[in-house]
Amino acid sequence: VTLSKGELETRKDALGVSTMLYLQTLFKADWANFLERLGLQDEEKVWNKKYAAETRQWASIRAQTLNRTVSGMMYYEKALRLLANMERLDEDTTNDLMGEKFGYIVSCQVYGQQKKDQDPKAEDIENLMHRFPHMRVAYIDSVRDIRSGQMAFYSCLVKSHSNEIQEVYRVRLPCNPILGEGKPENQNHAMIFSRGEFVQTIDMNQDGYFEEALKMRNALQEFAKRDGPMPITILGLREHIFTGSVSSLANYMALQETSFVTLGQRVLTKPLCIRLHYGHPDVFDKLFFITRGGISKSSKGINLSEDIFAGYNNAIRGGQVAFKEYIQVGKGRDVGMSQIYQFEAKLSQGAGEQSLSRDVYRMCHRLDFSRLLSYYFGGIGHYFSNVLTVLTVYVVIYLMAILALYDLEKIGDRLITPM
């Protein structure tokens, strides 16, 4: 949530580099400005009781934390306030509009348990709610029934009011809702607390920018357009990878993301007309999706790549996907070799699981031939072609080695003899 002093100063690797030292080195100018703003000459004084909270905040918004994501997403509220101010609305009207036009729900399953265990993370989440009054936290609470001895489960929503945490809703659930994959179950239990006609789903490794938040009002007008016979129900946005400068591997992941998320999806949208939902930060037509099965399917195993199934659901039930590049959302990517390998393995395993699902079966029976080919090479066909490419390289190398060993290499009639 927010990096603690212990997490920042622990030396994790063999080089003895702490997270704090790494961030100070990576953001040297920002650190100098931070010290100047606090009026400090000695770096050791940043952990004094007076400055510790600000130091933790400075480090957290430069790492992949919930604090950074919440701070970025709340720029939407600041942007709305600026737009309301430009339209000469008074302060009371603006405050009323904020509650109607914008709401931010953090779905944190374990917040209730963390609070019971007096985990410092629960206190960090509450501090975020105090900083941003329009932020809400949805969590799953479990209470043991004294008479029957069985656990009762509730879906709860809390907010900050007068510097105290206040419960807004408590909905009784028939059983423990976390039956399948964790992330989609987390989205499903919090969806009932969202308001408005559109919902934007955001991962915990994402960020927002004020200048981009100003464009959201224009982006939502894309849903009013109708380019064809079907309504636009998913609006795809491009992503800006903010971890590209961390290492050469992180730069590779940023380039890969640019290739697929920007260039690839541009072509998948037009002219191929087969772009689906590949992950956040897409904006959904909430009224369309909550009446057609929701935005997340969460069966264990089969829905490993949970985002794509919203795209399948959308295509089968008559929705259309648009992709616009004039607005972007920040995103952090993996920066280590093992993390990148595990991420790529998850994608390929997810593609294999998708091919076993009834959603793919139904969609493939309804697509026309050209879109079916585009879907194949945009999904599991990509991995087949990768395997064939690697095998072809092996075959070529071994054939060249055999030809060289037996002096059979020729250019025309001239024999090539290796030196």
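Residues numbered from 1 in each chain as written. Predicted model: local features only at pLDDT ≥ 70, side-chain atom pairs only at ≥ 80, totals over all residues. Heavy atoms only, no water.

Colleague: In this structure, what is going on with the overall build of the protein? I would like to understand it.
Modeller: Counting secondary structure elements, the protein contains 19 helices and 11 strands. With the C-alpha coordinates of the protein rotated into their principal frame, the extents come out at 90 × 60 × 60 Å. Within the protein, the proportion of its 419 residues that are buried is 42%. Across the protein, the fraction of contacts at a sequence separation of at least 24, relative to all contacts at a separation of at least 6, is 69%. Accessible area of the protein: about 24200 Å², with a carbon and sulfur share of 56%. Distance between charge centroids for the protein: 3 Å, based on 50 positive and 49 negative side chains. (Helix = DSSP H or I, 4+ residues; strand = E, 2+ residues; numbered from the N terminus. Buried < 20%, exposed > 50% of the residue type's maximum accessible area, 1.4 Å probe, protein only. Contact = heavy atoms within 4.5 Å. Areas by Shrake-Rupley, 256 points an atom, 1.4 Å probe, with all protein chains shown as cover. Lys, Arg positive; Asp, Glu negative; His and termini not counted. Charge placed at Lys NZ, Arg CZ, Asp CG, Glu CD.)

Colleague: Before we go on, may I ask you to explain empty space enclosed by the protein in this structure?
Modeller: Any empty space left between the atoms is revealed when a probe the size of a water molecule rolls over them. Counting across every chain of the model gives two cavities of 30 Å³ or more. Quantified by volume, the largest cavity comes out at close to 50 Å³. What lines the largest cavity is simply G72, M73, Y75, Y76, G208, Y209, E212, A213, Q328 and V329. Contributing elements (two or more residues each) for the lining of the largest cavity: α5 (66-73), α6 (75-86), α11 (210-213) and β9 (320-331). Here the residues of the lining of the largest cavity are counted per class, giving six nonpolar, three polar and one charged. Of the pockets and cavities examined, the second largest cavity occupies roughly 40 Å³. Lining the second largest cavity, in full, are Q187, H277, H280, F284, I295, S296, E306 and D307. (1 Å grid on protein atoms, 1.4 Å probe; cavity = no way out; pocket = protein on both sides within 12 Å on 5 of 7 lines; lining within 4 Å. Points joined across faces, edges and corners; volume = space filled by probe spheres on them. Nonpolar A, V, L, I, M, F, W, Y, C, P; charged D, E, K, R; others polar.)

Colleague: Explain the layout of surface pockets here, please?
Modeller: For the second largest pocket, the calculated volume is near 530 Å³. Lining the second largest pocket are 26 residues, and of these T269, C273, I274, Q320 and V321 sit closest to its centre. For the lining of the second largest pocket, the elements supplying multiple residues, two or more each, are α13 (248-269), α15 (306-316) and β9. No other element matches β9, which puts six residues into the lining of the second largest pocket. For the lining of the second largest pocket, the class distribution of residues is 13 nonpolar, four polar and nine charged.

Colleague: Got a minute to help me understand the nonpolar core in this structure?
Modeller: A general trend in soluble globular proteins is that nonpolar side chains are found buried together. Judged by nonpolar contacts, the single largest core of 34 residues is most densely connected at V70, Y104, Y111, M135 and V137. What Y104 contacts, discounting residues up to four positions off in sequence, is T69, V70, M73, M74, H134, M135 and R136. Counting 16 residues, the second largest nonpolar core, distinct from the first, contains L3, W31, L35 and L38. (Core = buried A, V, L, I, M, F, W, Y, C linked by side-chain atoms within 4.5 Å.)

Colleague: Hey, could you run me through the pairing of strand β7 (residues 232-241) in this one?
Modeller: Burial runs high along β7: eight of the 10 residues are buried. The sheet contact formed by β7 and β9 spans nine bridges and is parallel. Opposite G236, over in β9, you have F323 as the bridge partner. (Pairing = 2+ DSSP bridges.)

Colleague: Would you take a moment to explain the side chain of S60 for this structure?
Modeller: With respect to the helices and strands, S60 occurs in helix α4 (residues 52-60). According to the relative accessible area criterion, S60 is buried, its value standing at 0%. A polar contact is formed between the side chain of S60 and the backbone nitrogen of L3, at a distance of 2.9 Å. Within the local environment of S60, its side chain forms a polar contact with the backbone oxygen of R56, the two atoms lying 2.7 Å apart. Among all residues touching S60, those that are not within four sequence positions of it are T2, L3, T65, N67 and R68. (Polar contact = N/O pair within 3.5 Å; in protein donor to acceptor, adjacent residues only side chain to side chain.)

Colleague: Is there a simple way to think about the packing of α13 against helix α16 (residues 337-354) in this case?
Modeller: With their axes 10 Å apart at the nearest point, α13 and α16 run at an angle of 30 degrees to one another. With respect to α16, the element α13 is oriented roughly parallel. For the crossing formed where α13 meets α16, the hand is left-handed. Taken together, the residues of α16 that come into contact with α13 (itself represented by L249, M253 and Q256) are M337, I340, F343 and E344. Of the residues that constitute the contact of α13 with α16, the class distribution is five nonpolar, one polar and one charged. (Axes fitted to C-alpha atoms, helices over the stretch in contact; angles between N-to-C directions. Parallel < 35°, antiparallel > 145°, perpendicular 65-115°, else oblique. Left-handed = near helix turned anticlockwise from the far one by under 90°.)

Colleague: Explain the sheet that holds strand β4 (residues 164-173) here, please?
Modeller: Two modes of strand pairing occur in sheets, parallel and antiparallel, and in both the strands are linked by backbone hydrogen bonds. Spatially, β1-β2-β3-β4 is the arrangement adopted by the four strands of the open sheet, whose pairing is mixed. One side of each edge strand has no neighbouring strand; the edge strands of this open sheet are β1 (104-107) and β4. Across the sheet, the axes of successive neighbouring strands diverge by a mean angle of 30 degrees, strand direction being ignored. As defined by bridge partners, β1 adjoins strand β2 (residues 135-144) across four bridges and the pair is classed as parallel. Residue pairing in the sheet places I105 in a bridge with R136 of β2. Along the sheet face, α5 touches β1 and β2 and points at about 165 degrees away from the line of β1. Relative to β2, helix α9 (residues 120-131) is tilted by about 140 degrees, and along the sheet it contacts β2, β3 (151-161) and β4.

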